Amino acid sequence: MRFRQAVGMDKRLLADFLRARRRGTRPADVGLPDVGRRRTPGLRRQEVAQLADISVEYYIRLEQARGPRPSRSVLNALAQAFRLDRDQYVYLCNVVGEVADSVSDNETVPSTIRNFLAGLTEFPAYVVNASYDIVTWNELADAFMGLSHFGPADRNIIRATFVGALRDVSDPQHLAFVRSCVADMRAHLAQNPSDSRLTSLVDELLGVSAEFEDVWNQHEVAVRRTQTKSVVHPVVGPIEIESQVLDIPGTAFRLVVYVPHPGSASERALKRLREVA
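Only a predicted model underlies this, so the values are computations on that prediction, with no experimental measurement involved.

**Student:** I'd like to hear about the overall build of the protein, residue by residue, with values.
**Tutor:** Along its length, the protein carries 12 helices and seven strands. Across the 277 residues in the protein, those meeting the buried criterion constitute 45%. Taking contacts inside the protein between residues at least 6 apart in sequence as the whole, the part at least 24 apart equals 57%. Taken as a whole, the protein presents about 14,100 Å² of accessible surface, with 51% of it coming from carbon and sulfur.

Structure representation (structure tokens):
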């Protein structure tokens, strides 16, 4: 996404907007458990800070109209934390003096897909963008992968694998999965060379991960569609599933669904995980 500089920042409007979004967002809307009594509706400030991967003190200053002008990365993190739609995101940019030149419909997960995820209870499922950021998920995916416990940076599958919480390139099966993701990223870049978010991610990882550089320099190109994975879940044990990747028409998003073989031990393990969750 490209931005151009606007006139200035209205701290009071930003504070009002953030408070309104926080009070209007339920924990379940963003994949958080609704635990304990809440003095006011919506999210706690600590929860917003956790979702946006910023300090609580910094977020409080923004809500009190005392904070500095947010960077573009903070704006994007807040937009993702609150699940802002296209119009809300453009407004947020304008309030801080950043005008989005063009906001593609690809930036917003369609509401039908979010509703579908909310109603899909038997299989873990989530949505990724072209850069492999996991942008929304259902409850079983959270129980299966612990997504709500990660900050936005570690919810990027590629970054988390090479430099973050999921770093384990010693596992041959996991490395095969990662290689397929990197090959898929290269295929996307071939068709969308101006995707600045994805090129920035590639540049970042080339600078910090020798393992990523090795995989990237093999120049594998293949659109990711389906793959079998075996994992050992800390609660229910071994699970073997097939991941199916489905394009969401009219967007750059993909829906990823994990499906076990019918009647298998893995299906029973997922059922136990649903009951626990």
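That shown, we press on.
**Student:** If you had to explain the pattern of salt bridges to someone new, which residues and values would you point to?
**Tutor:** Any two side chains of opposite charge can pair if their charged atoms end up close together. Going through the model one piece at a time under the given rule, you end up with eight salt bridges. A salt bridge links Glu63 to Arg22; its shortest N-O distance comes to 2.6 Å. You can see Glu63 sitting in helix H3 (residues 56-63) and its partner Arg22 sitting in helix H1 (residues 11-23), a full 41 residues away along the chain. The burial state of Glu63 is the same as that of Arg22; both residues are buried. With a shortest N-O distance of 2.6 Å, Asp184 and Arg254 are connected by a salt bridge. Here Arg254 lies in strand E7 (residues 254-259) and Asp184 lies in helix H9 (residues 172-191), a separation of 70 residues in the sequence. Using a relative accessible area of 3% as the deciding quantity, one classes Asp184 as buried. Within the structure, one salt-bridge network assembled from shared partners comprises Arg22, Arg45 and Glu63.

**Student:** Before we move on, could you go through the nonpolar core and cite the residues and values that matter?
**Tutor:** Looking at soluble globular proteins, one finds that nonpolar side chains tend to be buried together. Counting residues in hydrophobic clusters, the biggest one holds 34 residues, and the most contacted among them are Tyr126, Ile158 and Phe212. Among the elements that line this core, the one with the most residues is H9, at six residues. The residues contacting Phe212, other than those within four sequence positions of it, are Ile158, Phe162, Val182, Val202, Leu205 and Leu206. Leu43, Ala49, Leu62 and Leu75 belong to the second-largest nonpolar core, a separate cluster that totals 27 residues.

Rules of the game
Residues numbered from 1 in each chain as written. Predicted model: local features only at pLDDT ≥ 70, side-chain atom pairs only at ≥ 80, totals over all residues. Heavy atoms only, no water. Helix = DSSP H or I, 4+ residues; strand = E, 2+ residues; numbered from the N terminus. Buried < 20%, exposed > 50% of the residue type's maximum accessible area, 1.4 Å probe, protein only. Contact = heavy atoms within 4.5 Å. Areas by Shrake-Rupley, 256 points an atom, 1.4 Å probe, with all protein chains shown as cover. Salt bridge = Lys/Arg side-chain N within 4 Å of Asp/Glu carboxyl O. Core = buried A, V, L, I, M, F, W, Y, C linked by side-chain atoms within 4.5 Å.

By themselves, these figures tell us nothing about what the structure is for.
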